[in-house]
Every structure is written in C-alpha cells, then in structure tokens.
Amino acid sequence: MKPRICDFLPIPDLLKTEHVLCIQPHPDDLEIGAGGAVARMSRSGIKVTCLTVTNGSAGTKDPSVNQHDLIQTRQRETIKASGLLGINDLMWLGFADGGNLPYEEIRIGITRVIRKLKPSAVLVCDPWLPYEAHSDHIRTGKATAEAAFLAGMPYFCPSVIEEGFKPHDVDIIAFYYTAYPNTFIDVSETWKLKLAAIDCHTSQFPPDKGNLLKKYLTAKASEQAEKHNCEIVEALKVLSPGHLHIFEEAWQC
Ligand SMILES: [Zn+2]
C-alpha cells in the first residue's frame, strides 16, 4: 500500500481538544458549516471562541440598505446564533466584507488571536474547496492554515511577538465547507440548534432562501450519516498543522 503521511502523523480527535478557536469569514458561515459540531463541542465542555473576520457589510443585493445598519444587524444576528450554539466568547477583526481582504493583515490578525488565546484547535472554512469563488473564504482559510502551521515560530509575524504575544503551537486544524472530509461528527442531538442558529440570520436568509439551504444541508448530512450508523453528521477535514506543508497526499488523509 502506498505510504501516506497520516499513517506516520495521525489524524487528531477534534472532540478531545480543550479550546477550539472557530474562524469565519462572514457572520453565518460557522453556523452553516459546522454549527452542529460546535454546539456538541460546547455541550461537552470544550471552550469555544468564534472569530469573525469581516463585518458582513456586503451581505445584501439591495443598494438602498445602509451598510452601517447592516453591520449592526449582522452583529446582533451573530450574537443570537452563537448563544444558541453555546458560544459566549465572540471576537471580530472588522474587515470590510466583499472580496477585498488584505491577506497579510488578516494573517497578522488571526496570528495575534491565536497567540493571545492559545487555543488547542482551530476550525475554519477550507480554502481548497473546488469552485469556491468568494475570495474572503479562500483568504480567511489560507491565512488561518498558515497561522496554525507557523504561529509557534518566533520569526513568523514578528510584529505580533513585539506586541508581547508569545509563539503558540496549535495541535489541530479542522476545516468546514470541505470537499475532502475525513471526520464525520454525529450531530443528531444538536442539529435542530444548528438550524435555529441559521434562522437567526434573517438579513441573509428570508424564509424561502433559508428553507432551501436547510433542506439541502439536512439531506446531505443525512446521506453522509448512513455510512456512520447515526442519524445526521457534519463532515469536517481534521488535520495536524504538520500535515499542511509539503505532503502531496495530505488532501486524501
Ligand atoms: Zn461567507
């Protein structure tokens, strides 16, 4: 059998971590991508923090919507949804929404939060999702992957070290919105909470759009659960940060 890096460097168990820093490009991504798993982790006593990279200011097709009002609305929606999932620790980087994220700045911002909070795991959208067109997602996922891999090195993002935050090694990086899942988390007991959390984002999901999304998510998660002898799962890609460099078959682990 062909040697694979995950046979030498095992896939870690996300449900046994102590503190997970969940990172989302926009308000609502975490609920859609991993709301059930997050609620399950919170219930089991794992500390959960949510960091939102953008302020959600581009989340409308209506040019008459006031962006300042929209930002406030999306913050309120996020606080309500996070409360349902058991997340009480919310942080914001506050970058403008809409596809123009400055990569180096968000990499520094995410590294600062990792070094400040010292989470054992990081959960973010998968930047290697095929056909992902939104660069906020690609840049947030890549900057987080890079920070998770390198935040323990003192010469990576040195400006953050100069601020007084020491290097910190993360043990686990997990991705939602992934095409290459390797971990299927039974979320039968928290699925309703996930759907209710999505419903909190009324500025993004009027009933028709929200119902379509929830039906799709439920059908997909039910189909994936069949192989795992449970009712419903969320599919994640879970890796050690060490998998994130030079290993050609890491995407298959
Ligand atoms: Zn998004």
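Preceding this paragraph is the structure being described.
First things first, this report covers the structure right here in the doc. (Residues numbered from 1 in each chain as written. Predicted model: local features only at pLDDT ≥ 70, side-chain atom pairs only at ≥ 80, totals over all residues.)

## Some points on the overall build of the chain
Working step 1: Along the chain, the regular secondary structure elements total eight helices and seven strands.
Working step 2: Relative to the compact-globule value of 18 Å for 253 residues, the chain shows a C-alpha radius of gyration of 18 Å, a close match.
Working step 3: Scored against the burial criterion, the 253 residues of the chain give a buried share of 46%.
Working step 4: A fraction of 80% describes how many contacts in the chain between residues 6 or more apart in sequence connect residues 24 or more apart. (Helix = DSSP H or I, 4+ residues; strand = E, 2+ residues; numbered from the N terminus. Rg over C-alpha atoms; globule rule 2.2 N^0.38 Å. Buried ≥ 20, exposed ≤ 12 C-beta atoms within 10 Å, placed from the backbone. Contact = placed C-beta atoms within 7 Å.)

## Thoughts on helix α4 (residues 103-117)
Working step 1: For α4, built from 15 residues, the straight-helix expectation of 21 Å at 1.5 Å per residue is met to within 8% by its first-to-last C-alpha distance of 21 Å.
Working step 2: Looking at the buried residues of α4, the elements they touch are β1 (19-24), β2 (47-54), β3 (89-95), β4 (121-125), α5 (135-150) and α6 (158-162).
Working step 3: Directly beyond the C-terminal end of α4, a positive phi value near 55 degrees is found at Lys118. (Expected span 1.5 Å × (residues − 1).)

## A closer look at unusual backbone geometry
Working step 1: Residues other than glycine seldom take positive phi values, yet Asn229 does so here, at roughly 55 degrees.
Working step 2: Within the secondary structure, Asn229 sits in the loop between α8 (207-225) and β7 (233-239).
Working step 3: Classification of Asn229 by C-beta neighbours within 10 Å gives exposed; the count is 7.
Working step 4: For Ile246, which is not glycine, the phi torsion reads 75 degrees and is therefore positive.

## Details of the packing of helix α7 (residues 191-199) against α8
Working step 1: For the pair α7 and α8, interaxial distance at closest approach is 10 Å and the crossing angle is 155 degrees. Taken as axis vectors, α7 and α8 run roughly antiparallel relative to one another. The handedness of the crossing between α7 and α8 comes out as right-handed. Contacts between α7 and α8 involve Leu195, Ile198 and Asp199 from the first element and Gly210, Leu213 and Lys214 from the second.
Working step 2: Broken down by class, the residue content of the contact of α7 with α8 amounts to three nonpolar, one polar and two charged. (Axes fitted to C-alpha atoms, helices over the stretch in contact; angles between N-to-C directions. Parallel < 35°, antiparallel > 145°, perpendicular 65-115°, else oblique. Left-handed = near helix turned anticlockwise from the far one by under 90°. Nonpolar A, V, L, I, M, F, W, Y, C, P; charged D, E, K, R; others polar.)

## Things to note about the pairing of β2
The side chains of a regular strand alternate between the sheet's two faces.
Working step 1: Most of β2 sits inside the fold, with six of its eight residues counted as buried.
Working step 2: The handedness of the β1 to β2 crossover, carried by helix α2 (residues 29-43), is right-handed.
Working step 3: Alignment of β2 against β3, held across five bridges, turns out to be parallel. By the bridge assignment, Cys50 is partnered in β3 with Leu90. (Right-handed = clockwise from strand over helix to strand, strands pointing away. Pairing = 2+ DSSP bridges.)

## Some points on α2
Working step 1: Helix length check: α2 (15 residues) gives 20 Å between terminal C-alpha atoms against 21 Å at 1.5 Å per residue, within 8%.
Working step 2: The buried fraction of α2 is high, at 13 of 15 residues.
Working step 3: Just past α2, the residue Gly45 takes up positive phi, approximately 100 degrees.

## Section: the nonpolar core
Working step 1: Core analysis: the biggest nonpolar cluster contains 63 residues, and Cys22, Ile23, Val38, Val122, Leu123, Ala174 and Leu236 have the highest contact counts within it.
Working step 2: Broken down by element, this core gets its largest block of residues, seven residues, from α2.
Working step 3: Aside from chain neighbours lying at most four places away, what touches Val122 is Leu21, Ile23, Ile114, Thr144, Ala148, Val170 and Ile173. (Core = buried A, V, L, I, M, F, W, Y, C linked by C-beta atoms within 7 Å.)

## A short note on the environment of Asn182
Working step 1: Among the structural elements, Asn182 can be located in the loop between β5 (172-176) and β6 (183-186).
Working step 2: Using a count of 17 C-beta atoms within 10 Å as the deciding quantity, one classes Asn182 as partly exposed.
Working step 3: Considered as a pair, Asn182 and Ile11 are 171 residues apart in the sequence and their alpha carbons are 8.6 Å apart.
Working step 4: Not counting chain neighbours up to four residues away, the residues in contact with Asn182 comprise Ile11, Lys237, Val238 and Cys253.

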